[in-house]
Amino acid sequence: MRKNFGVKPLCYPQPVFIIAAYDENGKANAMNAAWGGISEENEISMCISANHKTTENILLKKAFTVSMATASTVIPCDYVGIVSGNKEPDKFKKAGFTDTKSEFVDAPIINELPLAIECNLKSYNPETCILIGEIINVSADESVLNENGKVDPKKLDPITFDPFNNTYVRLGDVVGKAFCDGLKLKEN
């Protein structure tokens, strides 16, 4: 037996993206967004409405960063999702965030979030609210790297949004090897 939920944006996992951009004065702002993901090898797409201060900043600067929220940053990451930068000009600072300007795009890297996707704006449709960014660089703080120089998910400790229960969930353990485990069925 299945339960029908109807037409709703419910799926797992939904990333907890923190999108950041500079305003006309070089002041950083950030927002929380869960509706997005990688859409091409060098693109990230997300749905963000035009009335956000961050959207306004992205359209102005033509650049933005997308960071992954982590278990240790739940409170500030949730805060930037519930408080509008249009109403709270010091939202970024009140969240406890500091920034470093990206070497690759005119956008802030949030120092407290160890993984960032640095993007130039490719397109934005205010009717559909679809924003597409061209990935220029992905950077990670050395604190979340393993001995092979790759991101260690346990050290990063990213979270996802659970839209069924309005909670944040820590990502779990490795359960398989991608592009490998399925070969067992191919061999038979």
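The structure displayed is predicted, hence computed values, not measured ones.

J.: Any details on the environment of Val 151? Residues and values, ideally.
T.: Considering the arrangement of structural elements, one finds Val 151 in the loop between β10 (130-140) and α4 (153-156). Each residue touching Val 151, except ones within four places of it in the same chain, is listed here: Leu 115, Ala 140, Val 144, Leu 145 and Leu 156.

J.: Please give an account of the pattern of salt bridges that cites residues and values.
T.: This model, assessed by the stated rule, comprises eight salt bridges. Across the pair Lys 27 and Asp 90 runs a salt bridge, and its minimum N-O distance is 3.0 Å. You can see Lys 27 sitting in the loop between β2 (17-22) and β3 (28-33) and its partner Asp 90 sitting in the loop between α2 (74-82) and α3 (91-94), a full 63 residues away along the chain.

J.: Outline the side chain of Asn 32, listing residues and values.
T.: Mapped onto the secondary structure, Asn 32 falls in strand β3. Residue classification places Asn 32 among the buried positions, given a relative accessible area of 16%. Engagement of the side chain of Asn 32 in a polar contact is seen with the backbone oxygen of Cys 77, the distance being 3.0 Å. In this structure the side chain of Asn 32 is engaged in a polar contact, spanning 3.4 Å, whose partner is the side chain of Tyr 168.

J.: Let's hear about the sheet that holds strand β9 (residues 115-125): which residues, and what values?
T.: On the basis of which strands lie adjacent, the open sheet formed by seven strands has the order β3-β2-β6-β9-β10-β5-β4 and antiparallel pairing. In this open sheet, the two strands that pair with only one neighbour each are β3 and β4 (36-40). Shown here is a sheet whose adjacent strand axes are inclined to one another by a mean of 35°, direction ignored. As defined by bridge partners, β2 adjoins strand β6 (residues 63-68) across four bridges and the pair is classed as antiparallel. When the bridges of β6 are listed, Ala 20 appears paired with Thr 65. Those strands touched by helix α1 (residues 53-61) are β2, β3, β6, β9 and β10, and its axis lies near 50° from that of β2. α2 rests against β2 and β3 of the sheet, and its axis sits at about 95° to β3.

J.: Account for unusual backbone geometry, naming residues and giving values.
T.: With an omega of -20°, the peptide bond between Tyr 12 and Pro 13 qualifies as cis. Tracing the backbone through its elements, the reader meets Pro 13 in the segment before β1 (14-15). Of note, Cys 129 is a non-glycine position whose phi angle comes to about 70°, a positive value. Mapped onto the fold, Cys 129 is located in the loop between β9 and β10. A positive phi angle is found at Phe 179, which is not glycine, with a value near 60°.

J.: With reference to specific residues and values, describe the pairing of strand β12 (residues 167-170).
T.: As judged from the four bridges shared by strand β11 (residues 159-162) and β12, these two strands associate in the antiparallel manner. From the neighbouring strand, Ile 159 faces β12, where its bridge partner is Arg 170. The antiparallel hairpin formed by β11 and β12 contains four residues in its connecting segment, where Asn 166 sits at a positive phi of about 50°.

J.: A description of the sheet that holds β11 should follow, citing residues and the corresponding values.
T.: Ordered by their spatial adjacency, three strands build an open sheet running β1-β11-β12, and the pairing between neighbours is antiparallel. Two strands in the sheet have a free side with no partner beyond their single neighbour: β1 and β12. Summarising the sheet, β1 and β11 pair through two bridges and their orientation is antiparallel. Bridge pairing links Pro 15 to Thr 160 in β11.

Rules used in this analysis
Residues numbered from 1 in each chain as written. Predicted model: local features only at pLDDT ≥ 70, side-chain atom pairs only at ≥ 80, totals over all residues. Heavy atoms only, no water. Helix = DSSP H or I, 4+ residues; strand = E, 2+ residues; numbered from the N terminus. Contact = heavy atoms within 4.5 Å. Salt bridge = Lys/Arg side-chain N within 4 Å of Asp/Glu carboxyl O. Buried < 20%, exposed > 50% of the residue type's maximum accessible area, 1.4 Å probe, protein only. Polar contact = N/O pair within 3.5 Å; in protein donor to acceptor, adjacent residues only side chain to side chain. Pairing = 2+ DSSP bridges. Axes fitted to C-alpha atoms, helices over the stretch in contact; angles between N-to-C directions.

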